[in-house]
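Notes for the structure review
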Amino acid sequence: MNAIREIPCDRIVDTVRELFIRTNTDLGDDVLSAIRQAEQSEDTQLGKYALEKILENAKIAKDDSLPLCQDTGLAVLFVEVGQDVHVTGGDFNEAIQEGVRRAYREGFLRKSVCDPITRANTGDNTPAVIHTEIVPGNTMRIIAMPKGGGSENMSNSVMLLPSAGLEGIREHVVDMVKKAGPNPCPPTIVGVGIGGSIEKSALLAKKALARPVGEPNRSDPRLAGLERETLQEINALGIGPQGYGGRTTSLAVHVEMTPCHIASLPVTVNIQCHVARHGEAVI
Amino acid sequence: MEHTHTIHTPLTEDICEGLRAGDRILLSGSIITGRDTAHKRLAALLADGKELPVKLEGETIFYAAPTPARPGRVIGSIGPTTSYRMDAFAPLLMEAGIRGMIGKGKRNDAVRDAIVRCKAVYLGAMGGIAALMSACVKKAEVIAYADLGPEAIMRLEIEEFPLIVINDSKGGDLYEEAVSRRV
């Protein structure tokens, strides 16, 4: 049994602020090494050219502390709160919103959040989308994922027939990537959530994107196989980097799964562009 | 490698007719920005026969909304948004004088037809290289719809913007050619 540990809201604000500024300017090593590898094996000149520019951009962004992409994203967070944590000095959710607000203002990030109907900008990139989970322990793990709109627009949730099986799921995912073509800024990472309810599948797909790029599903060998085969089929489509043609359409497919209702097979495909920003901190 | 052209705006009928899908471009000169809401507003004014806040004749429009500029910088990071959201308005804007469009992603048939009919061009900017492209912008100024914040219409002076011809005035389409090469 852990002793109750206090975490002040100020600490949450600072951590969230730092995470969103860092992830928006400093591309993770997982993504960089996947792109470097792709650049070596790409067989079209325009595809290679696009990958070279992507690597050049990552260097400039880091050296000059500039956002990697003008779309600095909707702020998505996964927060695992230890059940022995006591948040002090304010409101937990508001602390996260304040961290996002400060990151986007002080980090000169683009405010990309608006009213869905009037399209009026909220002005500070809030509200962030916060997924909180209560877990054992007395620490707080915060995963920050600025999520771009272009790749999000190429995502969807469907209810497949329960008889679809692994093959049906694979066909559906490949078809989504094919239809998206150049739109989501390939090379992409494809997050797939299988099972649960409709919203659970979407959450799993998003969470799959938080995994280090290319790390296979370690909990179920069937899913690791699905990831491998789906990626192979996607990269045979020929879409290539930026849709200019080539063998690098996706860098990875990440699948997460949970049991579902006997009548259903929910599947969400959540596409992530090559600027796959995610970072975490443990308080 | 396909041709690389060094081009200065304004784009003309002649320049556009010399470009082919897959050609690399280094574009310099003056362009404007505009995306979703700006397009909706411009199209509404055109439909009503009203005066526009910006002249479109011979212009090149970049579907972009940059990050805010840090003190001492001309502009923040800048890159293309996905173009299909402007498809409903693009033919009308080409009829009104727009000669070049810069964005990313597929266009619909109506836009591709209008590109051929108006002898225009659709240039692809790479998504996700906005820090690099920021360095190509030498001057930036909001010229209309300031209320739209990052989505305002700006005039940019650019130098050697790295672009690729996606849709040319002869009906060529790089995205389709790229995929058909594999089959």
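1. A word on the overall build of chain A
The helix and strand inventory of chain A stands at eight helices and 10 strands. For 283 residues, the compact-globule estimate of 2.2 N^0.38 gives 19 Å, and the C-alpha radius of gyration of chain A, at 19 Å, lies within 12% of that figure. With the C-alpha coordinates aligned to their principal axes, the bounding extent of chain A is approximately 55 × 50 × 40 Å. The buried share among the 283 residues of chain A stands at 58%. Taking contacts inside chain A between residues at least 6 apart in sequence as the whole, the part at least 24 apart equals 82%. Taken as a whole, chain A presents about 11800 Å² of accessible surface, with 52% of it coming from carbon and sulfur. The averaged location of the 36 negative side-chain charges in chain A is 2 Å from the averaged location of its 29 positive side-chain charges.

2. Regarding the side chain of Thr249(A)
Within the fold, Thr249(A) resides in the loop between α8 (221–235) and β8 (250–260). Here Thr249(A) is in contact with Val177(A), Pro186(A), Pro187(A), Thr188(A), Ile234(A), Asn235(A), Gly238(A), Ile239(A) and Gly240(A), once residues within four sequence places are set aside.

3. So, unusual backbone geometry
For residues other than glycine, phi is negative in most cases, and the peptide bonds are mostly trans. Residues and elements named next belong to chain A. Of note, the bond from threonine 126 into proline 127 is cis; its omega dihedral lies within 30 degrees of zero at 0°. Cis geometry marks the peptide bond from proline 186 to proline 187; its omega dihedral reads 5°. Here the phi dihedral of glutamine 242 falls at roughly 60°; this positive angle occurs in a residue that is not glycine. Mapped onto the fold, glutamine 242 is located in the loop between α8 and β8.

4. Concerning the pattern of salt bridges
Residue and element names in this part refer to chain A. On inspection of all chains with the given rule, the structure shows 35 salt bridges over all chains. Between arginine 22 and glutamate 18 there is a salt bridge; the shortest N-O distance is 3.3 Å. With arginine 22 and glutamate 18 both in helix α1 (residues 9–25) and four residues apart, the pair spans about one turn of that helix. When its relative accessible area of 34% is taken as the criterion, arginine 22 is described as partly exposed. Among the residues examined, glutamate 18 registers a relative accessible area of 38% and is labelled partly exposed. Residue glutamate 133 is joined to lysine 207 by a salt bridge in which the shortest nitrogen-to-oxygen separation is 3.0 Å.

5. Some remarks on the domain arrangement of chain A
Residues and elements named next belong to chain A. Structurally, chain A comprises domain 1 (5–24 + 68–147) and domain 2 (150–276). Between the C-alpha centres of domain 1 and domain 2 there is a distance of 26 Å. Counting from both sides, the interface comprises 11 residues of domain 1 and, opposite them, 12 residues of domain 2. Summed over both partners, the interface of domain 1 with domain 2 buries about 840 Å², with 69% contributed by carbon and sulfur atoms. Summed over the three residues of domain 1 that lose the most area to domain 2, namely Phe78, Met145 and Lys147, the buried surface amounts to 61% of that side. Joining domain 1 to domain 2, the criterion identifies three salt bridges. Glutamate 80 is paired through a salt bridge with lysine 207; the nearest N and O atoms lie 3.8 Å apart. At the level of elements, β2 (74–82), β4 (129–135) and β5 (140–147) are the ones that each hand at least two residues to the side of domain 1 that touches domain 2. Residue classes in the side of domain 1 that touches domain 2 are distributed as six nonpolar, one polar and four charged.

Calculation notes
- Residues numbered from 1 in each chain as written.
- Chains lettered and ligands numbered in written order.
- Predicted model: local features only at pLDDT ≥ 70, side-chain atom pairs only at ≥ 80, totals over all residues.
- Heavy atoms only, no water.
- Helix = DSSP H or I, 4+ residues; strand = E, 2+ residues; numbered from the N terminus.
- Rg over C-alpha atoms; globule rule 2.2 N^0.38 Å.
- Buried < 20%, exposed > 50% of the residue type's maximum accessible area, 1.4 Å probe, protein only.
- Contact = heavy atoms within 4.5 Å.
- Areas by Shrake-Rupley, 256 points an atom, 1.4 Å probe, with all protein chains shown as cover.
- Lys, Arg positive; Asp, Glu negative; His and termini not counted.
- Charge placed at Lys NZ, Arg CZ, Asp CG, Glu CD.
- Salt bridge = Lys/Arg side-chain N within 4 Å of Asp/Glu carboxyl O.
- Domains from an automatic or database assignment.
- Buried area = accessible area lost by both parts, 1.4 Å probe.
- Nonpolar A, V, L, I, M, F, W, Y, C, P; charged D, E, K, R; others polar.

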